[in-house]
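# Structural overview
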Protein chains: 2
Amino acid sequence: MTTLADNVELALRADLVNGVHPPGGRLRMEMLAERYGAGLSPVREALSRLYAEGLVSLESNKGFRVPALTRDDLADIAFARGAIETAALRRAMERGDLAWEAMLVSALHTYRQTSRSLDTSNPERLQAWQAAHDGLHRALIAGSGSPRIEQIQERLLVQHARYRQLLYRIPIDFKVHEREHVDLVEAVLARDVEVAVGMMADHIAITLDVLDQWGIWNEAG
Amino acid sequence: MTTLADNVELALRADLVNGVHPPGGRLRMEMLAERYGAGLSPVREALSRLYAEGLVSLESNKGFRVPALTRDDLADIAFARGAIETAALRRAMERGDLAWEAMLVSALHTYRQTSRSLDTSNPERLQAWQAAHDGLHRALIAGSGSPRIEQIQERLLVQHARYRQLLYRIPIDFKVHEREHVDLVEAVLARDVEVAVGMMADHIAITLDVLDQWGIWNEAG
DNA sequence: CGCTTGCAGATTTTCGAATATCTTGCCATT
DNA sequence: AATGGCAAGATATTCGAAAATCTGCAAGCG
């Protein structure tokens, strides 16, 4: 049996990623308690965990807030992801076994299928595509065998996901995006370490470049 | 003004690092509340944060525990540190300015002085040396300009610090240890990226090797 | 007119008690 | 002797109210 705080944490994390609580805004305890059907204690515990995860901010005696979305912040996420995921990928390619390869191929397949039937105006399809995309990134480094690296990556992915709201405002060529991943997995399976790591680094850096080109940051923070 | 939960978190983190609460043991709420002079709410909030930080574990309806010290866990910390700190160092060496260099030299000086007057049986001196050592590692990557990388490193350093208890059971050649750091900083200041990054990687890996050689893991977990 | 001061309402933070869950040991049953 | 169930105590979790803190505004003062 899970505790109430666990449930609230889960629901709250999902809502934060989906922009239900506007970035930059306050998170009033009473409002949250009502929304998630719990008392103040479980809500506060959930927020405390999310605070340590970096998904909400906290100022003493002034309560919790949703961090604003800024260019600098996204750049930082991208840099951290680059560091973590390239190191993890390198290690996964050195020690990953057949089971890992199988998982990777499976994740790629799921991603390609959801990518093919993607329709950004259909929330359900979008959700499935996002899950598949993150799943592929998780699978890529799953072979590294490092619980900490996986946890850190997981958290960076969640933080990155908050920025997808912005990304969908501009026309993305999903074909190109899909090709990046297909090529990357191909290099990984060929155990071509330097090429794969390089592609991973480029891929992670691209999101920021795209947003910069479309001048998103004036309107959004 | 800070909140009670903040104070408890701070005190608890220090105690966990210093082994006041035995690894593998339970952390009973009432006992903690008394020890830190607070009610259950602030204690629970502090524990919730530390849980998300990875310093304590939590099982639903069974409370919090101090994670055991195991070889696998230390190996994981070392790997994660290697990934984070080498990437951060590389970037710091590319973009670090004179202010960073000055900070680095200062941190090295403090470390050398405390190292020289080190006496592992003197808690105060030991504490100072530990602080200086961690400070030097923090300074090394401070130039990277990435809040997230710095936070992740900070947390890994804290988790690593729990293992120092074990490290002090064996005779360490602090002269050699000091030399490693001096050489590393020298390479960093010379902006010799590949050499410096390689030294950093080696340095982080060594702790585990040393503990393995002395067969610590049978007695300790 | 501008600045401080203090009050009222809103909100966060903390407490103490109530509730839910787990653990242990005993007893009945097989 | 082993197993299963149950009750009692210990403990974690949650609630509802009290206490502390912040915010905005208006009165008082220079």
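Every chain is numbered on its own, with residues counted from 1 as its sequence reads. Think of it this way: whatever chain is written first is A, whatever ligand is written first is 1, and the rest follow in order. For this predicted model, a pLDDT threshold of at least 70 governs which residues receive local features, and a threshold of 80 or more governs which side-chain atom pairs are given and counted, while totals over whole chains, interfaces and linings are taken from all residues.

### Considering the packing of helix α5 (residues 98-116) of chain B against helix α6 (residues 123-142) of chain B
Residue and element names in this part refer to chain B. Just so we agree on the cut-off: In this analysis an axis means a line fitted to C-alpha atoms, helices contributing only their contacting stretch, and an angle means the value between N-to-C directions, from 0 to 180 degrees. Each helix is a run of DSSP H or I of at least 4 residues and each strand a run of E of at least 2, with the numbering of both proceeding from the N terminus. What sets the label is the angle itself: under 35 degrees gives roughly parallel, over 145 gives roughly antiparallel, 65 to 115 gives roughly perpendicular, and the rest give oblique. Definitions for this section: a left-handed crossing has its near helix turned counterclockwise from the far helix by less than a right angle. A right-handed crossing has that turn clockwise. Throughout, a pair of residues is in contact if the C-beta atoms placed from their backbones lie within 7 Å. When residues are grouped by polarity, Ala, Val, Leu, Ile, Met, Phe, Trp, Tyr, Cys and Pro land in nonpolar, Asp, Glu, Lys and Arg in charged, and all others, Gly among them, in polar.
For the pair α5 and α6, interaxial distance at closest approach is 8 Å and the crossing angle is 160°. Relative to α6, the element α5 lies roughly antiparallel. For the element pair α5 and α6, the recorded crossing hand is left-handed. The segment α5 lies against α6, with W100, M103, L104, A107, L108, T110, Y111, T114 and S115 engaging A128, W129, A132, H133, G135, L136, A139, L140 and A142. Tallied by class, the residues present in the contact of α5 with α6 amount to 13 nonpolar, 5 polar and no charged.

### Here's the deal with the interface of chain B and chain A
By a widely used convention, the size of an interface equals the accessible area lost when the partners come together. Each partner contributes to the interface: chain B provides 26 residues, whereas chain A provides 26 residues. For the side of chain B that touches chain A, the secondary structure elements donating two or more residues are α3 (40-53), α4 (71-95) and α7 (147-161) of chain B. The residue inventory of the side of chain B that touches chain A, partitioned by class, reads 13 nonpolar, 6 polar and 7 charged.

### Here's the deal with the protein's contact with DNA strand D
To keep it simple, the criterion reads: The C-beta atom of each residue is placed using the backbone, and any residue whose C-beta lies within 6 Å of a molecule or strand is treated as near it.
Close to DNA strand D lie 22 residues; A:T3, A:L4, A:G39, A:N61 and B:G63 are nearest. Going through the elements one at a time, α1 (4-17) and α3 (40-53) of chain A together with α2 (29-35) and α3 of chain B are the ones with two or more residues in the surface near DNA strand D. Take the surface near DNA strand D: its biggest share by element is 4 residues, from α3(A). Its residues assigned to classes, the surface near DNA strand D shows 8 nonpolar, 7 polar and 7 charged.

### Things to note about the sheet that holds strand β3 (residues 63-65) of chain A
In sheet architecture, strand pairing relies on hydrogen bonds along the backbone and comes in two forms, parallel and antiparallel. Residue and element names in this part refer to chain A. Put simply, the rule is: Pairing between two strands is assigned when DSSP locates at least 2 bridges connecting them.
Read from one edge to the other, the open sheet built from 3 strands follows the order β1-β3-β2, with strand pairing classed as antiparallel. The strands lining the two open edges of the sheet, one partner per strand, are β1 (26-27) and β2 (57-59). Pairing geometry for β1 and β3, over 2 bridges, is antiparallel. Following the sheet pairing, L27 is matched in β3 by F64.

### Side note on the environment of B:L12
Residues and elements named next belong to chain B. As a reminder of what qualifies: Buried residues are those with 20 or more other C-beta atoms within 10 Å of their own C-beta, exposed residues have 12 or fewer, and partly exposed residues lie in between; C-beta atoms are placed from the backbone.
With respect to the helices and strands, L12 occurs in helix α1 (residues 4-17). Judged by C-beta crowding, with 24 C-beta atoms within 10 Å, L12 ranks as buried. For the pair formed by L12 and A46, sequence separation is 34 residues and the distance between their alpha carbons is 8.0 Å. Setting aside anything within four residues of it in sequence, one finds L12 in contact with Y36, A46 and L50.

### Re the relation of the copies chain B and chain A
Applicable threshold: Alignment of copies: least-squares fit on C-alpha atoms of residues with pLDDT of at least 70 in both copies.
Screw-axis analysis of chain B against chain A gives a translation of 0.0 Å along the axis, an RMSD of 0.1 Å, and a rotation angle of 180°. Each copy turns onto its partner about a two-fold axis.

### Regarding the packing of α4(B) against helix α10 (residues 193-213) of chain B
All names here are of chain B. Taken N-terminus to C-terminus, the directions of α4 and α10 make an angle of 160°; their axes are 9 Å apart at the nearest point. Relative to α10, α4 is oriented roughly antiparallel. By crossing handedness, the relation of α4 to α10 is classed as right-handed. Residues L74, A75, A78, R81, G82, E85, T86, L89, R90 and M93 of α4 pack against V193, A196, V197, M200, A201, I204, A205, T207 and L208 of α10. Looking at side-chain class alone, the contact of α4 with α10 contains 13 nonpolar, 3 polar and 3 charged residues.

### Here we look at the protein's contact with DNA strand C
Neighbouring DNA strand C are 22 residues; A:M29, A:G63, B:T3, B:L4 and B:G39 lie closest to it. Broken down by secondary-structure element, the contributors of at least two residues to the surface near DNA strand C are α2 (29-35) and α3 of chain A together with α1 and α3 of chain B. Here the element with the most residues in the surface near DNA strand C is α3(B); it accounts for 4 residues. Here the residues of the surface near DNA strand C sort into 8 nonpolar, 7 polar and 7 charged.

### Examining the domain arrangement of chain A
All names here are of chain A. We count it as follows: All the domain ranges listed were derived from an automatic or database domain assignment.
For chain A, the assigned domains read domain 1 (4-65) and domain 2 (71-218). Relative to domain 2, the C-alpha centre of domain 1 lies at a distance of 27 Å. Domain 1 puts 7 residues into the contact, and the matching count from domain 2 is 6 residues. Looking at which element gives the most residues to the side of domain 1 that touches domain 2, the answer is α1, with 3 residues. Tallied by class, residues from the side of domain 1 that touches domain 2 come to 3 nonpolar, 2 polar and 2 charged.

### As for the sheet that holds strand β2 (residues 57-59) of chain B
All names here are of chain B. Spatially, 3 strands are ordered β1-β3-β2 in an open sheet, and the strand pairing comes out antiparallel. One side of each edge strand has no neighbouring strand; the edge strands of this open sheet are β1 (26-27) and β2. Summarising the sheet, β2 and strand β3 (residues 63-65) pair through 3 bridges and their orientation is antiparallel. Bridge pairing in β3 links S57 to R65.

### Some points on the nonpolar core
What tends to happen in soluble globular proteins is that the nonpolar side chains get buried as a cluster. For clarity, the cut-off: The nonpolar core criterion groups buried Ala, Val, Leu, Ile, Met, Phe, Trp, Tyr and Cys residues into a set whenever they are joined through C-beta atoms within 7 Å.
Of all hydrophobic cores here, the largest spans 73 residues; its most connected members are A:A83, A:I84, A:L89, A:A196, B:A83, B:I84 and B:L89. For A:A83, the contacting residues outside a window of four places in its chain are B:A83, B:I84, B:A87, B:A88 and B:I149. Core analysis: the second largest hydrophobic core is formed by 14 residues, A:V8, A:L32, A:L50 and A:L55 among them.

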